[in-house]
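Single-letter residue listing:
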Amino acid sequence: MQKYYLAIDIGASSGRHIVGWEDAGEVKTKEVYRFPNKAELENGHLIWNMERMLLEVKQGIRMAKEEFGTLESLSIDTWGVDYVLLQEDREVFPCYSYRDGRTEAAVLNVHKQLPFKELYRHTGCQFQQFNTVYQLYADKLAGRLDGVTDFLMVPEYLLWKLCGVKAKEYTNATTTGMVNAETREFDTEIIQKLALPAHLFPKLSQPGTVLGTYEGTKVLLCATHDTASAVEAVAMGDEQPYISSGTWSLLGVRTQRPLTDSDSCAANYSNEGGIGYNRYQKNIMGLWLVQELRRELCPDKDFTEIVDEAEKSGYDGVIDANAPEFLSPPSMRAAFDTALAPRGPQKESDYFRCAYRSLAFSYRAALTELEKNTGKHYTKIYIVGGGAKNELLNRLTEEVTGRRVAALPIEATALGNLKVQMKAEMEEK
């Protein structure tokens, strides 16, 4: 009897329900539901509408069952760092988006008690102003942690709402900036020095852990951080670098152990959890630049047309794709204009060509740091995710980095999610 599994992959711009099954040794997939997702502005802050997200999750499950009948299991992956606070079984909303700017004072306060170099020595987690450690400290400063009994990362929260079981999953926890790189558990020294409630940080659970059931379907943990699932999907036997290309671009390589040395810290490389390996990687602003330009300049134009026009543009300006002014600007076009003055883009297509070229140059810079810090020379880059379908960006990446690009235009994140579920089913037998 054929067994079907459901991967629910939610990104910062959309969510997808993808059913998978094994056929002659291969994993076949079919998308059964897709919904838009974005941060919403509420009382001057960017937040995630978790009630709506949960409704979309349940709707997609219903549609998967209508088409495929019984589902063996399901799991959910999303982006990292964001979470929902709980007082027992009651949510403490809002659930803030990482693009909200509430952590500025928290970053300064955290670093007074734990300078970033010391934090990095413990966790190997790159500095980003929205890391969970700074968000939680912002909550502490605002009194939001009073009476709080749990915090659940976004996929953990959604899974709990489905099956009633709370669990902290390892790969997503490593995005918090609070997991010790060696012990692979929450770092008690960080928790104590920041005077955060110790009961919020229990033992971590590994991908493959069964949590419970939802309407007769087994609910389990995949690698709930979407990049961890994406990397798990790709067979990189030659251990070449990868770029998980979506709203964010994450460039990195699998390593056996974390690299928490001073060079890695200076390059702001992150060590995050994989399934039996370490992901040594760096966040790059990614296709967010293009998504925001499209929203502002030509919301009715599809990406195929945007790429075609960008290819014909001769504009050669480049921005620093990782500069903080591009994280959440009121106007992405204005942010580009300011950065590129006095010789800014003249045509709509110039902005998009600039965004794609800037990403390629940021990949080259990150690859140079990667080779220096690992002591290895790489000849190939695997690209997965939505960006793998962008032939212009792939070609620019090849030209600028001088490395061969192996683009894998697959639903890598969903595939990695499914592989964990299938493996868990095999191990139960």
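One can find the structure itself at the top, above this paragraph.
Residues numbered from 1 in each chain as written. Predicted model: local features only at pLDDT ≥ 70, side-chain atom pairs only at ≥ 80, totals over all residues. Heavy atoms only, no water.

Asker: Can you break down the side chain of asparagine 131 residue by residue, with the values?
Answerer: Locating asparagine 131 in the fold gives a position in the loop between helix 3 (116-123) and helix 4 (132-141). Of the polar contacts made by the side chain of asparagine 131, one reaches the backbone oxygen of glutamine 126; its length is 2.8 Å. Apart from residues lying up to four places away in sequence, asparagine 131 is in contact with Val81, Cys125, Gln126, Thr175 and Thr176. (Helix = DSSP H or I, 4+ residues; strand = E, 2+ residues; numbered from the N terminus. Polar contact = N/O pair within 3.5 Å; in protein donor to acceptor, adjacent residues only side chain to side chain. Contact = heavy atoms within 4.5 Å.)

Asker: Describe the packing of helix 12 (residues 332-340) against helix 13 (residues 348-374), naming the residues involved and giving the relevant values.
Answerer: The geometry of helix 12 relative to helix 13 is characterised by a closest axis approach of 11 Å and an angle of 75 degrees between their N-to-C directions. Between helix 12 and helix 13, the interaxial angle falls into the category roughly perpendicular. For the pair helix 12 and helix 13, contact is made by Arg333, Phe336, Asp337 and Leu340 and by Tyr351, Cys354 and Ala355, respectively. For the contact of helix 12 with helix 13, the per-class residue count stands at five nonpolar, no polar and two charged. (Axes fitted to C-alpha atoms, helices over the stretch in contact; angles between N-to-C directions. Parallel < 35°, antiparallel > 145°, perpendicular 65-115°, else oblique. Nonpolar A, V, L, I, M, F, W, Y, C, P; charged D, E, K, R; others polar.)

Asker: Outline the environment of methionine 285, supporting the account with residue identities and numerical values.
Answerer: Here methionine 285 lies in the loop between strand 16 (278-284) and helix 10 (288-297). Of the residues examined, methionine 285 reaches a relative accessible area of 3% and is grouped as buried. Expressed as a C-alpha distance, the spacing of methionine 285 and tryptophan 248, which sit 37 residues apart in the sequence, is 5.2 Å. Not counting residues within four places of it along the chain, the set of residues in contact with methionine 285 comprises Arg99, Thr247, Trp248, Ser249, Ala321, Asn322, Ala323, Phe326 and Leu327. (Buried < 20%, exposed > 50% of the residue type's maximum accessible area, 1.4 Å probe, protein only.)

Asker: So, the packing of aromatic side chains: which residues are in play, and what are the values?
Answerer: Counted under the stated rule, the structure contains 18 aromatic pairs. Residues tryptophan 48 and tryptophan 79 carry aromatic rings whose centres are separated by 4.4 Å and whose planes lie at 40 degrees to one another, so their mutual orientation is tilted. With tryptophan 48 in strand 5 (residues 45-48) and tryptophan 79 in the loop between strand 6 (73-77) and strand 7 (83-87), this pair connects stretches of sequence that are 31 residues apart. With a centroid separation of 6.2 Å and 50 degrees between ring planes, the pair formed by tyrosine 98 and tryptophan 248 is classed as tilted. (Phe/Tyr/Trp six-rings, centres within 6.5 Å; stacked < 30°, edge-to-face > 60°.)

Asker: Talk me through the environment of threonine 255; I want residue IDs and the actual numbers.
Answerer: By the element assignment, threonine 255 lies in strand 14 (residues 249-255). Distance in space between the C-alpha atoms of threonine 255 and aspartate 150 is 32 Å, their sequence separation being 105 residues. With residues near it in sequence (within four places) discarded, threonine 255 still touches Tyr277, Asn278 and Tyr280.

Asker: Give me the lowdown on the sheet that holds strand 10 (residues 150-153), citing residues and values where you can.
Answerer: In space, the three strands of this open sheet follow the order 8-7-10, with antiparallel pairing throughout. Pairing within the sheet leaves two strands with one partner each, and these edge strands are strand 8 (90-92) and strand 10. Across the sheet, the mean angle from the axis of one strand to that of its neighbour is 40 degrees, orientation sign disregarded. Summarising the sheet, strand 7 and strand 8 pair through three bridges and their orientation is antiparallel. (Pairing = 2+ DSSP bridges.)

Asker: An account of helix 2 (residues 104-113) is needed here, citing residue identities and associated values.
Answerer: Within helix 2 the residues assigned to the buried category are Ala106, Val107 and Val110. Buried residues in helix 2, looked at end-on, bunch into an arc of 100 degrees, giving them a common side. With respect to the buried face of helix 2, the exposed residues turned more than 90 degrees away are Glu104, Leu108 and Lys112. As for helix 2, its buried residues are in contact with helix 3 and helix 4. (Arc of directions from axis to C-beta.)

Asker: Quick rundown of the pattern of salt bridges? Include the residues and the values.
Answerer: Counting across every chain of the model gives 32 salt bridges. Note that lysine 218 and glutamate 72 form a salt bridge whose closest N and O atoms lie 4.0 Å from each other. Of this pair, lysine 218 sits in strand 12 (residues 217-220) while glutamate 72 is found in the loop between helix 1 (50-68) and strand 6, placing the two residues 146 residues apart along the sequence. For glutamate 72, a relative accessible area of 23% corresponds to the partly exposed category. Lysine 193 is paired through a salt bridge with glutamate 118; the nearest N and O atoms lie 3.0 Å apart. With a gap of 75 residues between them, lysine 193 in helix 7 (residues 188-193) and glutamate 118 in helix 3 connect regions that are remote in the sequence. Judged by its relative accessible area of 37%, lysine 193 falls in the partly exposed class. Residues joined in a network through salt bridges with shared partners are Asp9, Arg16, Glu31, Arg34 and Glu411. (Salt bridge = Lys/Arg side-chain N within 4 Å of Asp/Glu carboxyl O.)

Asker: I'd like a description of the sheet that holds strand 9 (residues 95-96), backed by residues and values.
Answerer: Taking strand neighbours across the sheet as the criterion, the three strands line up as 4-5-9 in an open arrangement whose pairing is antiparallel. The sheet is open, and its two edges are formed by strand 4 (40-42) and strand 9, each paired on a single side. Note that strand 4 and strand 5 share three bridges and pair antiparallel. Note that in strand 5 the partner of glutamate 42 across the bridge is histidine 45.

Just geometry here; none of it tells us what the structure is for.
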